[in-house]
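Architecture at a glance
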Amino acid sequence: MIRLRGWDPVLGMNQRNARISEQNPRAAIRLVNDKYATKEALSAVGAPTSPTVALLRSRQEVSSLDWSGLPDAWALKPNQSLGGNGILLSFGRRRATWYSSSGKRITRETVADHLRRILDGEFSPRPQDWAMFEPLIRAHPDLERLSHQGLPDIRVICRGDRPQLAMLRLPTRFSGGRANLHQKAIGAAVDLDSGRITHALVGREPTGHHPDTGEPLIGARVPHWPEVVDAARRCAAATGLRYLGADIVVDADRGPLILEVNARPGLQIQNVTGRGLAPSSAQHRRN
């Protein structure tokens, strides 16, 4: 069996898939594939999520949308997109025009066209979808300082309500401001007890500083860490998943918010943290 630092057994893809099949009911997987339903389930158990400003389920609802009721800064998301596709962000508004982070104009016609594309299922595995407006999330200053543009997030792997591993994903210039490790965002291991970064990787290369900002990473602490862990713990009860990845952001004003619950979390967190997810022989004996 492959092992990482500390002699932890590594969870392979086949083992992971078997664990998902055994521990994650199909109904729970269907639930977390529906972002709006997931938010409702999380709210029911007191888990923090971003509020929904508007939910649009048809072209008729788009035509009757109260445009003046939208906030100046918002995120427009497909309800069932994959990989963060189809998200449109407004960072502010002047008169009837919104603006992107780079200052590009976002007109009402642009938004209406994007809404129609979402409803037509362009970003979804299904032929039709819903669209959601949420308030724009702005990263907590302590995390914004460690990142290059974009929105950093925390992935916590849980078995039931027990967190197993955690990492902070920090956008880089190379990743285009996205917290995507495949695009060379930084993966930083976070100690579950203290919330402090213990080591970090860009791709396969260790780093002690952010390559774009120069900010030191090792020893930096994720703000509101006890609340982050508590939010991750609540995901199992809310969704019915017994093995999951909770993706959490820390908003500058609202604190930790659960962005997504993943029924099939990837395995890169083992490389980032140097810890394996497969149960050890001692754990097998206890169970």
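Here we summarise the structure given alongside this text. Here the structure is a predicted model, which means the values were calculated and not measured. (Residues numbered from 1 in each chain as written. Predicted model: local features only at pLDDT ≥ 70, side-chain atom pairs only at ≥ 80, totals over all residues. Heavy atoms only, no water.)

**Here we look at the overall build of the chain**
Worth spelling out the cut-off: The helix and strand labels rest on DSSP assignments: H or I over at least four residues marks a helix, E over at least two residues marks a strand, and numbering proceeds from the N terminus. Only protein chains enter the calculation, and the probe is 1.4 Å; a residue is then buried if its accessible area is under 20% of its type maximum, exposed if over 50%, and partly exposed in between. Shrake-Rupley sampling with a 1.4 Å probe provides the accessible areas, and residues are treated as covered by the protein chains on show and by no other component. For the purpose of charge, His is not counted, nor are the chain termini; Lys and Arg are scored as positive and Asp and Glu as negative. Positions of charges follow a simple convention, taking NZ of Lys, CZ of Arg, CG of Asp or CD of Glu.
In terms of helices and strands, the chain carries 9 helices and 14 strands. In terms of overall dimensions, the chain has a C-alpha envelope of 60 × 45 × 30 Å along the principal axes. In the chain, buried positions account for 49% of the 287 residues. Here the chain displays about 14,400 Å² of accessible surface, and carbon together with sulfur accounts for 46% of that area. Of the charged side chains in the chain, 40 are positive and 28 negative, and the gap between their average positions amounts to 5 Å.

**Some points on empty space enclosed by the protein**
Condition: Every definition here rests on a 1 Å grid over the protein atoms only: cavities are sets of points where a 1.4 Å probe fits but cannot get out, pockets are open sets enclosed by protein on both sides within 12 Å along at least five of seven lines, and lining residues have some atom within 4 Å of a point. Grid points are joined across faces, edges and corners, and a volume is the space filled by probe spheres set on the points. Gly is put with the polar residues, along with every residue not named as nonpolar or charged; the nonpolar set is Ala, Val, Leu, Ile, Met, Phe, Trp, Tyr, Cys and Pro, and the charged set is Asp, Glu, Lys and Arg.
Summed over all chains, the structure comprises 1 cavity of 30 Å³ or more. Within this model, the largest cavity holds a volume of roughly 140 Å³. At the level of secondary structure, the elements contributing two or more residues to the lining of the largest cavity comprise helix 3 (35-44), strand 7 (131-135) and strand 14 (255-262). Of the residues assigned to the lining of the largest cavity, the class counts are 6 nonpolar, 3 polar and 5 charged.

**A closer look at the pairing of strand 10 (residues 186-190)**
Basically, it comes down to this: The rule for pairing is simple: two strands pair if DSSP sees at least two bridges between them.
Burial analysis of strand 10 places 5 of its 5 residues in the buried class, which makes it a mostly covered element. Residue alternation in strand 10 divides its side chains into two sets, Ile186, Ala188 and Val190 and Gly187 and Ala189, and both sets are buried. In this structure, strand 9 (residues 162-170) lies alongside strand 10, joined through 4 bridges in antiparallel fashion. The residue bridging leucine 168 from the neighbouring strand is alanine 188, located in strand 10. Pairing of strand 10 with strand 11 (residues 197-202) involves 5 bridges; the strand directions are antiparallel.

**Some remarks on the pairing of strand 14**
By the bridge criterion, 7 bridges tie strand 13 (residues 243-251) to strand 14 in an arrangement that is antiparallel. In the sheet register, valine 249 faces strand 14, and the bridge partner there is leucine 257. Counting the residues that bridge the hairpin from strand 13 to strand 14 gives 3 residues.

**Brief notes about the pattern of salt bridges**
When the charged atoms of two side chains lie near each other, side chains of opposite charge can form a pair. Basically, it comes down to this: Any Lys or Arg side-chain nitrogen located within 4 Å of an Asp or Glu carboxyl oxygen qualifies as a salt bridge.
A full pass over the atoms with the stated rule returns 14 salt bridges. Where glutamate 61 meets arginine 57, a salt bridge forms, and the shortest distance between an N and an O atom there is 3.5 Å. Of the charged contacts, one joins arginine 145 and glutamate 215 as a salt bridge, the two residues approaching to 3.4 Å between their closest N and O atoms. Taken together, the residues span a long stretch of sequence, with arginine 145 in the loop between helix 6 (141-144) and strand 8 (153-159) and glutamate 215 in the loop between strand 12 (205-206) and helix 7 (225-239) at a distance of 70 residues. Under the relative-accessibility criterion, glutamate 215 is labelled partly exposed at 24%.

Just geometry here; none of it tells us what the structure is for.
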